[in-house]
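A structural walkthrough
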Amino acid sequence: MMTQKKFSTTQLIHSSYQAPDGFSAFPTAIHHASTVLFKDVAAMRARSWQDKSAYTYGLHGTPTSFTLEARLAEIEQGNYCLLAPSGLAAITLVNMALLQSGDDVLLPDNVYNPSRDQADWLASSFGVSVRYYDPLAGAAIADLIQPNTRLIWTEAPGSVSMEVSDIPAICAAAHARGVLVAMDNTWSGGIAFAAFEHGVDISMQALTKYQSGGSDVLMGAVITRDKDLNNRLQAAHMRLGFGVGMDDAYLVLRSLSTLKLRFDAHDASARKIASWLKTRPEMSKVLHPALEDCPGHAIWKRDFTGAGGLFSVLFDERYSEAQTDQFVNTLELFKIGFSWGGAHSLCVPYRIRQMRATWPHQGVLVRFNIGLEDADDLIADIGQALDRM
Ligand SMILES: *Cc1c(COP(=O)(O)O)cnc(C)c1O
């Protein structure tokens, strides 16, 4: 009879097997970890969580998240990148790192609405002064800068109303007074606008959109060039506990290689559809930065190299909200839902007057996210919904 080695639960936990070295393949390995191991106590004590040449704890990163951070910084020609669990969390990271009670922050009136809501919360509960500026203010923003202004947020174009701000002019005015400029650069996917070249100090991205591309990941990034600025952000990142899941980091890494191809395909379809919508009598305005009558078009042309899949329309004022809601409901290929940058086309009506301090136009605003379907099929879908309206 064979003597069987006695089973031990310890064996389930400790194994001496090591996979052979020398494996090589394209995907970045998914390294999950809370605990990171040190070879001895001295190594543990010598290791600093700020130093990204080594590992201390899963919250601060594993080779998977370090790789994604490095690749995102490379794409935007930055030096540092911090990942956050959503685009909104990336905004939180910037605000918490750079603002304290008594400070003043300026945001564009067309800013991403949850960012506005967060700023209003900073004002109501944390003693931060929050003011909104006309996204087309350009150099005139200098008049709004106060001695306690610490940060100016920019977003170009605004992701619902599509005005394109003059980022270099805002940066010049800010820097003349020692004020930092953060940009929500989500619309450009980090590839159609070179934030740092145009003077921005902090480029924030919702990776949830184009970088993920799959409508299946929530993640954000904060990218910088300056080491001291990154140190301030990194301290807040630690204190806020903003870790990301490595499966999600992997999904974004997997999508990065097709980012430009997808972005360009969204862009080509969106321009075709926006131009077609301009010919329709139901529309009073098509808000797409590549169209000449979009506010800030000349700036877009000067500073951007592409446009992506997101744009809005204003229906003629003869249509009621009930009618435009029916239009959205009648669409078949376009689904109703927030976010963008995925393969599926989406359509959302916005009550823009409730979102803005000032809004000069009449008519209901409806936003399209053009996915990767055939543009002619999307045009046919919009056509049938307009005809039935
Ligand atoms: C989606 C979005 C965000 C937030 O990203 P989440 O990952 O959804 O939190 C921030 N800014 C803009 C412009 C966005 O479109």
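Values in this document were obtained by computation on a predicted structure and should not be read as measured data. (Residues numbered from 1 in each chain as written. Predicted model: local features only at pLDDT ≥ 70, side-chain atom pairs only at ≥ 80, totals over all residues. Heavy atoms only, no water.)

**Some remarks on the domain arrangement of the protein**
Counted only if it meets this: An automatic or database domain assignment provides the domain bounds reported here. Contacts between residues were defined by any pair of non-hydrogen atoms, one from each residue, lying within 4.5 Å. Note: buried area is the sum, over both parts, of the accessible area (probe 1.4 Å) each one loses when the two are combined. For this document, the term salt bridge refers to a Lys or Arg side-chain nitrogen within 4 Å of an Asp or Glu carboxyl oxygen. Nitrogen and oxygen atoms within 3.5 Å of one another constitute a polar contact, given that in protein one can donate a hydrogen and the other can accept it, and given that sequence-neighbouring residues count only through two side-chain atoms. The numbering of helices and of strands both runs from the N terminus, where a helix is a DSSP run of H or I of at least 4 residues and a strand a run of E of at least 2. Throughout, the ten residues Ala, Val, Leu, Ile, Met, Phe, Trp, Tyr, Cys and Pro are labelled nonpolar, Asp, Glu, Lys and Arg are labelled charged, and all others, Gly among them, are labelled polar.
Examined at the domain level, the protein breaks down into domain 1 (62-256) and domain 2 (259-388). On a C-alpha basis, the centres of domain 1 and domain 2 stand 25 Å from each other. Contacts between domain 1 and domain 2 engage 33 residues on the former and 37 residues on the latter. Roughly 3000 Å² of surface becomes buried between domain 1 and domain 2 when both sides are summed, with 62% attributable to carbon and sulfur atoms. In terms of surface lost to domain 2, no three residues of domain 1 exceed Val160, Trp187 and Tyr210, which account for 26% of the buried area on that side. Applying the counting rule to domain 1 against domain 2 returns 3 salt bridges. Between Arg356 and Glu163 there is a salt bridge whose closest N-O contact spans 3.1 Å. For the pair domain 1 and domain 2, the interface holds 16 residue pairs in polar contact (both at pLDDT 80 or more). Looking at the side of domain 1 that touches domain 2, the elements that each hand over two or more residues are α5 (113-126) and α8 (246-256). Counted by class, the side of domain 1 that touches domain 2 contains 14 nonpolar, 14 polar and 5 charged residues.

**Section: the packing of aromatic side chains**
Which entries qualify depends on this criterion: Only the six-membered ring of Trp is used, alongside the rings of Phe and Tyr, when aromatic pairs are assigned; centres must lie within 6.5 Å, and planes under 30 degrees apart are stacked while those over 60 apart are edge-to-face, with the rest tilted. For each residue, the accessible area found with a 1.4 Å probe, counting protein chains only, is set against the maximum for its type, and the residue is called buried under 20%, exposed over 50%, and partly exposed in between. Criterion for a charge above a ring: Lys NZ or Arg CZ within 6 Å of the ring centre, and within 35 degrees of the ring normal.
Under the counting rule described, the total for this entry stands at 12 aromatic pairs. Ring geometry for Tyr55 versus Phe66: centroids 5.2 Å apart, planes at 25°, classification stacked. Of this pair, Tyr55 sits in the loop between α2 (41-46) and α3 (63-75) while Phe66 sits in helix α3, and the two are 11 residues apart along the sequence. In this structure Tyr55 comes out as partly exposed when scored by relative accessible area, which is 30%. Relative to Phe126, the ring of Trp121 has its centre 5.1 Å away and its plane inclined at 90°; by these criteria the two rings are edge-to-face. Three or more aromatic residues joined by ring pairs make a cluster, and in this case those are Phe311, Phe315, Tyr319, Phe327, Phe334 and Phe368. The residue whose ring lies beneath Arg116 is Tyr132, and the NZ or CZ to ring-centre distance is 4.0 Å.

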